[in-house]
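Coordinate inspection notes
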There are 2 protein chains.
Amino acid sequence: MAKAWHLIRRPQGLPTIDNFALRELPDQPLENDQIRVRNLWLSVDPYMRGRMNDASSYAACFQLDQPMTGGAIGEILESRIDGFSPGDLIVHMGGWRDGGVIGLDMMPNKLPAELLSAGMTPQTFLHNMGLTGGTAWIGLLRVAAARPGDTVFVSAAAGAVGSAVVQLAKAREMTVIGSAGGAEKCAWVEELGADAVIDYKAGPVLPALAQALKSLGKPGIDVYFDNVGGEHLDAAFAVGNDFARFAICGMIDVYNDAKVQEMKYLVRTIPARIRMEGFIYTDQFFDCMEEFYADMGGLITSGAVTIRETVHDGLEATPRAFLGLFSGGNIGKMLVRL
Amino acid sequence: MAKAWHLIRRPQGLPTIDNFALRELPDQPLENDQIRVRNLWLSVDPYMRGRMNDASSYAACFQLDQPMTGGAIGEILESRIDGFSPGDLIVHMGGWRDGGVIGLDMMPNKLPAELLSAGMTPQTFLHNMGLTGGTAWIGLLRVAAARPGDTVFVSAAAGAVGSAVVQLAKAREMTVIGSAGGAEKCAWVEELGADAVIDYKAGPVLPALAQALKSLGKPGIDVYFDNVGGEHLDAAFAVGNDFARFAICGMIDVYNDAKVQEMKYLVRTIPARIRMEGFIYTDQFFDCMEEFYADMGGLITSGAVTIRETVHDGLEATPRAFLGLFSGGNIGKMLVRL
């Protein structure tokens, strides 16, 4: 009998383990346009926090006492969808569970056999070849229109999205300053090729960012890739070059507590003509999927883009893995292996 | 002997009359590419506050103990520039003075004789046909890419820029909500055609804006034209529709005291995919000057775009007129008549 995590109480502020309950899914016969899967990997991502609110949000909010959803890699056990066969590996949205029956609404897509046989791991389609890598690619290259020679600042640079931004920017001959929390994460961001790294836990962001720019001989930043909001975003406004572009991907600093952001340098929007734009992966992904797969696939197989995975084992660990996203508990991509 | 206002002390926070001194300009013979003018009208504008700081700013900062500059309408007394003749009326940047010698660096341009003979007043080229009207036109139609049917929110709607935005938006069949301070200004914004008007002095902005949207049957705003920053900007983030565009023209709320802006709704940048962009008139004006003159000239001569002028008399009144911009002392365009 398949089991799935259900949201049983909407979190106020930071979620706790009590917001979730693991429950059995009712057995059901397979209908047309459905498949039965056994999940191998589950994804937990910061955007899911927004789906736990009752408010209108960009992704439909989780319904109380219903199975939660999210990115997953599964193996097909039984299929009534044309073109999908038992044994196929798929990426789909029926996560937060160990398996069961899913339909086309869970957007099943087969993993490309040629990339798997070239050695790409299945879970790569939950990060660099999927949501997080796609978010990095779209935000950096399309929303912020970053170009070779640009100076790029990226926050949460040791996270799944941020680490992809660092490596994409270096592959495109940009200068990169990454911010991360703690020595271990900072060391990894440096390994990824960042030209300078800021430890935001060691002191205020703006003086460290100004110092990094000075050491690199750069007057300011052309691009800011924001995963954090708050103090990082304000520092970016402080050092934005004329016509700087800010791609706003996330504000993990304020997801949990609707915190007021104190912006001292927002006013530089005008003299520096800064453009700030929020974006969501799914708005643009299907437009550029082929280009993304070709570009990112090449960078991954050549080794130019890598990742570290923080892996939790077992379905039971899923909420814990999710909560770890908000306590700085992960380097790279947070995953659950079943 | 011509006289000019000089900046003698850089203001800390709100400027005071003591920051300025009126001094005689040295007499000087006319050289090539120079003209001697008698000024008729001087412009004072909020952006000049930024030029009074020593910091790098978008317009070169005023030098201490030098004649200040700004928009002006003058009559040529003597000319050594080809195509400029005594008696011609010009718009130029040699303001804050009653006249004297100016060169090409003051960007003299002759006022179009056909518009003057059609009844357009010379000072119109300091507002609706000049800096403020051009700023409104560029910000609304180019930066925010506002389209017929859009719901537009504009702050400082009784100001020189804001009142032009209201009228341009109505001429393009948009729904317009204007914000202004006090009953008299609000009544004028309504006269200009705004569909709803908020008196920001009567209470917090966000509830009033939400109420205005409700009364108009609109779910949110597609465009925000910001002249104010702070609470108005935060309210715009709160009610931005998906893919809303914010043209950031000014933040008069924070010019004088580098106030921290407390943003509670900035996080909506992401789920609503809001694009916020700062702009400066001179970046774009020369690209679209002909289109602007044709469009705005037609709207002014047809009466679709009007303005109110707050006029101070005499060169001595110039700093007082400027200071009035920050105390809510003007409806429409603040001018000095010589």
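Residues numbered from 1 in each chain as written. Chains lettered and ligands numbered in written order. Predicted model: local features only at pLDDT ≥ 70, side-chain atom pairs only at ≥ 80, totals over all residues. Heavy atoms only, no water.

1. Observations concerning the overall build of chain A
Across its full length, chain A carries 9 helices and 16 strands. If you line up chain A on its principal axes, its C-alpha atoms span 65 × 45 × 35 Å. Taken over 338 residues, chain A has a buried fraction of 57%. Taking contacts inside chain A between residues at least 6 apart in sequence as the whole, the part at least 24 apart equals 67%. Each charge sign in chain A was given a centre, from 29 positive and 39 negative side chains, and these centres are 4 Å apart. (Helix = DSSP H or I, 4+ residues; strand = E, 2+ residues; numbered from the N terminus. Buried < 20%, exposed > 50% of the residue type's maximum accessible area, 1.4 Å probe, protein only. Contact = heavy atoms within 4.5 Å. Lys, Arg positive; Asp, Glu negative; His and termini not counted. Charge placed at Lys NZ, Arg CZ, Asp CG, Glu CD.)

2. Things to note about the pairing of strand E3 (residues 34-43) of chain B
Residue and element names in this part refer to chain B. Summarising burial for E3: 9 of the 10 residues are buried, a large majority. Bridge count for E3 against strand E6 (residues 99-103) is 5 bridges, and the pairing is antiparallel. In the sheet register, isoleucine 35 faces E6, and the bridge partner there is isoleucine 102. Where E3 meets strand E4 (residues 72-79), 7 bridges bridge the pair, whose relative direction is antiparallel. From the neighbouring strand, tryptophan 41 faces E4, where its bridge partner is isoleucine 73. The pairing of E3 with strand E16 (residues 333-337) spans 3 bridges and is classified as antiparallel. Bridge pairing links leucine 42 to valine 336 in E16. (Pairing = 2+ DSSP bridges.)

3. Overview of the domain arrangement of chain A
Residues and elements named next belong to chain A. Along its sequence, chain A is organised into domain 1 (3-127 + 308-337) and domain 2 (131-281). Listed as interface residues are 18 residues of domain 1 and, on the opposing side, 13 residues of domain 2. Across the contact surface, domain 1 and domain 2 share 1 salt bridge. Here arginine 308 and glutamate 184 are joined by a salt bridge, their closest N and O atoms 3.3 Å apart. Counting every contact that joins domain 1 to domain 2 gives 5 residue pairs in polar contact (both at pLDDT 80 or more). (Domains from an automatic or database assignment. Salt bridge = Lys/Arg side-chain N within 4 Å of Asp/Glu carboxyl O. Polar contact = N/O pair within 3.5 Å; in protein donor to acceptor, adjacent residues only side chain to side chain.)

4. Describing the pairing of strand E10 (residues 196-199) of chain A
All names here are of chain A. Residues Ala196 and Ile198 of E10 are buried on one face, while the alternating residues Val197 and Asp199, pointing to the opposite face, are not. Alignment of strand E9 (residues 175-180) against E10, held across 4 bridges, turns out to be parallel. By the bridge assignment for E10, isoleucine 177 is matched with alanine 196. With respect to chirality, the unit in which E9 leads through helix H5 (residues 183-191) into the neighbouring parallel E10 is right-handed. (Right-handed = clockwise from strand over helix to strand, strands pointing away.)

5. Things to note about the side chain of aspartate 226 of chain B
Within the secondary structure, aspartate 226 of chain B sits in strand E11 (residues 221-226). For aspartate 226 of chain B, a relative accessible area of 0% corresponds to the buried category.

6. A few points about the relation of the copies chain A and chain B
Expressed as a screw operation, the relation of chain A to chain B combines 0.0 Å of axial shift with a rotation of 180°, fitting to an RMSD of 0.0 Å. Such a turn and shift between the copies fits a two-fold axis. Comparing interface residues between copies, 100% of those in chain A also sit at the interface in chain B, which points to an isologous, same-surface contact. (Least-squares fit on C-alpha atoms with pLDDT ≥ 70 in both.)

7. Examining the interface of chain A and chain B
In this complex, chain A contributes 30 residues to the contact, which on the side of chain B involves 30 residues. Counting each side, the surface lost to burial between chain A and chain B is near 2500 Å², with a carbon and sulfur contribution of 69%. The interface formed by chain A and chain B contains 7 residue pairs in polar contact (both at pLDDT 80 or more). Elements with a contribution of two residues or more to the side of chain A that touches chain B: helix H7 (230-239), strand E12 (240-248), strand E13 (261-263) and strand E14 (275-278) of chain A. (Buried area = accessible area lost by both parts, 1.4 Å probe.)

8. Quick look at the packing of helix H6 (residues 205-216) of chain A against H7 of chain A
Residue and element names in this part refer to chain A. The interhelical angle for the contact between H6 and H7, taken along N-to-C directions, is 45°, at an axis separation of 9 Å. The pairing of H6 with H7 is recorded here as oblique in orientation. As H6 runs across H7, the sense of the crossing is right-handed. For the pair H6 and H7, contact is made by Val205, Leu206, Leu209 and Leu213 and by Glu231, His232, Ala235, Ala236, Ala238 and Val239, respectively. (Axes fitted to C-alpha atoms, helices over the stretch in contact; angles between N-to-C directions. Parallel < 35°, antiparallel > 145°, perpendicular 65-115°, else oblique. Left-handed = near helix turned anticlockwise from the far one by under 90°.)

9. Structural notes on the sheet that holds E12 of chain A
Read across the sheet, 12 strands follow the order E10(A)-E9(A)-E8(A)-E11(A)-E12(A)-E14(A)-E14(B)-E12(B)-E11(B)-E8(B)-E9(B)-E10(B) without closing on themselves; strand pairing throughout is mixed. Of all strands in the sheet, those with a lone pairing partner are E10 of chain A together with strand E10 (196-199) of chain B, marking the two edges. When the angles between neighbouring strand axes are averaged without regard to direction, this sheet yields 15°. With 4 bridges connecting them, strand E12 (residues 240-248) of chain B and strand E14 (residues 275-278) of chain B associate as parallel partners. Directly across from isoleucine 248 of chain B, in E14 of chain B, lies its bridge partner glycine 278 of chain B. Running over the sheet, H7 of chain A touches strand E8 (151-154), E9, strand E11 (221-226), E12 and E14 of chain A together with E14 of chain B and is turned about 155° from E12 of chain A.

10. Some thoughts on the packing of aromatic side chains
Under the definition given, this model contains 28 aromatic pairs over all chains. Each ring, one from tryptophan 137 of chain B and one from phenylalanine 292 of chain B, has its centre 5.7 Å from the other, and the planes form 70°; the classification is edge-to-face. On the criterion of sequence distance, the pair formed by tryptophan 137 of chain B in helix H3 (residues 131-143) and phenylalanine 292 of chain B in helix H8 (residues 281-301) is long-range, its members being 155 residues apart. The rings of Trp137, Tyr281, Phe285, Phe286, Phe292 and Tyr293 of chain A are connected pair by pair, giving a single aromatic cluster. (Phe/Tyr/Trp six-rings, centres within 6.5 Å; stacked < 30°, edge-to-face > 60°.)

11. Topic: the state of the cysteines
Chemically, a disulfide is nothing more than a covalent bond linking the sulfur atoms of two cysteines. Residues and elements named next belong to chain A. Following the criterion strictly, the structure yields 0 disulfides over all chains and no others. Free of any disulfide, cysteine 249 has its nearest neighbouring cysteine sulfur in cysteine 288, separated by 14 Å. According to the relative accessible area criterion, cysteine 249 is buried, its value standing at 16%. (Disulfide = S-S within 2.5 Å.)

12. So, the packing of helix H3 (residues 131-143) of chain A against helix H4 (residues 160-171) of chain A
All names here are of chain A. For the pair H3 and H4, the least separation of the axes is 8 Å and the interaxial angle reads 50°. Comparing the axis directions of H3 and H4 gives the class oblique. The two elements H3 and H4 meet at a crossing, and its hand is right-handed. Here H3 contributes Thr132, Gly133, Thr135, Ala136, Trp137 and Leu140 to the contact with H4, which in turn contributes Ala160, Val161, Ala164, Val165, Leu168 and Ala169. Among the residues making up the contact of H3 with H4, the classes are represented as 9 nonpolar, 3 polar and no charged. (Nonpolar A, V, L, I, M, F, W, Y, C, P; charged D, E, K, R; others polar.)

13. Description of the nonpolar core
One broad rule of soluble globular proteins: the nonpolar side chains tend to lie buried together. Ranked by size, the top nonpolar core spans 55 residues in total, and within it Leu233 and Phe246 of chain A together with Leu233 and Phe246 of chain B carry the most contacts. Residues in contact with phenylalanine 246 of chain B, not counting those within four places in the same chain, are Ile221, Tyr224, Leu233, Ala236, Phe237, Ile274, Arg275, Met276 and Glu277 of chain B. (Core = buried A, V, L, I, M, F, W, Y, C linked by side-chain atoms within 4.5 Å.)

14. A few points about helix H6 (residues 205-216) of chain B
Since the α-helix turns once every 3.6 residues, residues separated by three or four places project in the same direction. Residue and element names in this part refer to chain B. A rise of 1.5 Å per residue sets the reference length of H6, with its 12 residues, at 16 Å; its end C-alpha atoms lie 17 Å apart and thus fit the reference within 8%. Along H6, the residues classified as buried are Val205, Leu209, Ala212 and Leu213. Seen from one end, H6 has its buried residues packed into an arc of 100°, which puts them on one side. Opposite its buried face, H6 presents the exposed residues Lys214 and Ser215, each directed more than 90 degrees away. Tucked into the core, H6 has its buried residues touching strand E8 (151-154), strand E9 (175-180), E10, E11 and helix H7 (230-239). Glycine 217 lies just past H6 and shows a positive phi near 70°. (Expected span 1.5 Å × (residues − 1). Arc of directions from axis to C-beta.)

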